[in-house]
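Architecture at a glance
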Amino acid sequence: MDELNLLWIGQRGAGKRVQIHKALEHVAQTRGVSFAIRKGLWSTETNKQAQRESELTAAQEDETETPQGGDGIPYELSQVHLGFDIARMSMQDKNYINSLLGRLGYGSEVIVGKKKQSVKRIIVFYHAHLLSHDSVLQLQMALEQYEGSLVIWCSSELSFPYELVDWFVEIPIQGRDYTTQKLLSTYGQMVDWGSYFDTMISEWSKKPMTLERVKEVRDWVYFCLQRNLRWQEVIQYILESLLQSKIEANKLEAAVNCLSNQASSGGGKTLGSYRIPIAWERLGLQLAIALAS
């Protein structure tokens, strides 16, 4: 199992991360090591420091991988894996992944078993559908260069682009959104994105399209962007809300056609930073026109 590149694919909150952790625990048992997940902070400086100290023992290297402060992103660390959440990389994933791939050969191996066999840590990427196209190309190159010694596991809500799809074995995960239900039960009344877009679709379908609504659309765009909602995610949320709504058939058809015409909405696709506000405003205006009474 730890020789295959695996992709757990399913809707958000269905338990993909839990399944990955169970698989990692099984790998640890097979290798005869304990499985305990620690948290660290990864930055490009972490990588440089690790390379400078590559002559240290394995135990000392593990300590250098967990700096106490500075800029970076949280990541998981165990004796069998390194885990990173693409959603936490704030659209800088290509820089972090370049740093991570440069780390290969500098302590990414672990020694297991009585024969002290060297095996590779499994690199795990959560929310891999948010990878930029540059990151996709970096991973494709790494898989070709380190074939047989590099193992990557991912979770994703969307299918991988063609550059990566042949490298992975897909494991479908079905089920409802357990994560949102858990948050609602823990924190009480809160508005999740699904409920927000359900309400938005209902309200927009009752309003006529006037020039004054342009400001409403622009406010909506920056409301979403300031909360770090990604382009692929907003397309999926709107589509799900449309399909569950009770709006007229002609409005539904026009709105779905609007979504189908949006560029770079699949996994591993990238909108250039200069295009992001333009694409969002275009989507908002076209959707408002399609739904207008």
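A quick note: this is a predicted structure, and the numbers were derived from the prediction, not measured.

Reading the values: rules and limits
Residues numbered from 1 in each chain as written. Predicted model: local features only at pLDDT ≥ 70, side-chain atom pairs only at ≥ 80, totals over all residues. Heavy atoms only, no water. Helix = DSSP H or I, 4+ residues; strand = E, 2+ residues; numbered from the N terminus. Expected span 1.5 Å × (residues − 1). Contact = heavy atoms within 4.5 Å. Patch = residues over 30% accessible without salt bridge, like charges linked within 9 Å, V, L, I, M, F, W, Y side chains within 5 Å. Areas by Shrake-Rupley, 256 points an atom, 1.4 Å probe, with all protein chains shown as cover. Salt bridge = Lys/Arg side-chain N within 4 Å of Asp/Glu carboxyl O. Buried < 20%, exposed > 50% of the residue type's maximum accessible area, 1.4 Å probe, protein only. Pairing = 2+ DSSP bridges. Axes fitted to C-alpha atoms, helices over the stretch in contact; angles between N-to-C directions.

1. Looking at helix α5 (residues 133-145)
Its 13 residues give α5 an end-to-end C-alpha distance of 18 Å, which sits within 8% of 18 Å, the value for a rise of 1.5 Å per residue. Buried residues along α5 sit in contact with α4 (93-103), β7 (122-126), β8 (151-156) and α6 (162-165).

2. Concerning a nonpolar patch on the surface
A grouping of Leu 183, Tyr 187 and Met 190 is seen on the molecular surface, where their side chains present a nonpolar patch of about 310 Å² in accessible area. Residue placement: Met 190 occurs in the loop between α7 (178-187) and α8 (193-204). Taking the relative accessible area as the measure of exposure, Met 190 reaches 35% and is therefore partly exposed.

3. A short note on the sheet that holds strand β3 (residues 73-77)
Overall, mixed pairing links the seven strands, which are arranged β2-β3-β4-β7-β8-β1-β9 in an open sheet. Of all strands in the sheet, those bounded by a partner on one side alone are β2 (38-42) and β9 (169-172). Put simply, the sheet's adjacent strands are angled 25° from each other on average, direction ignored. The pairing of β2 with β3 spans five bridges and is antiparallel. Paired with Trp 42 across the bridge in β3 is Ile 73. The sheet strands contacting α4 are β2, β3, β4 (81-85) and β7, and the helix crosses β2 at an angle near 110°.

Shape is all these values report; function is a separate question.
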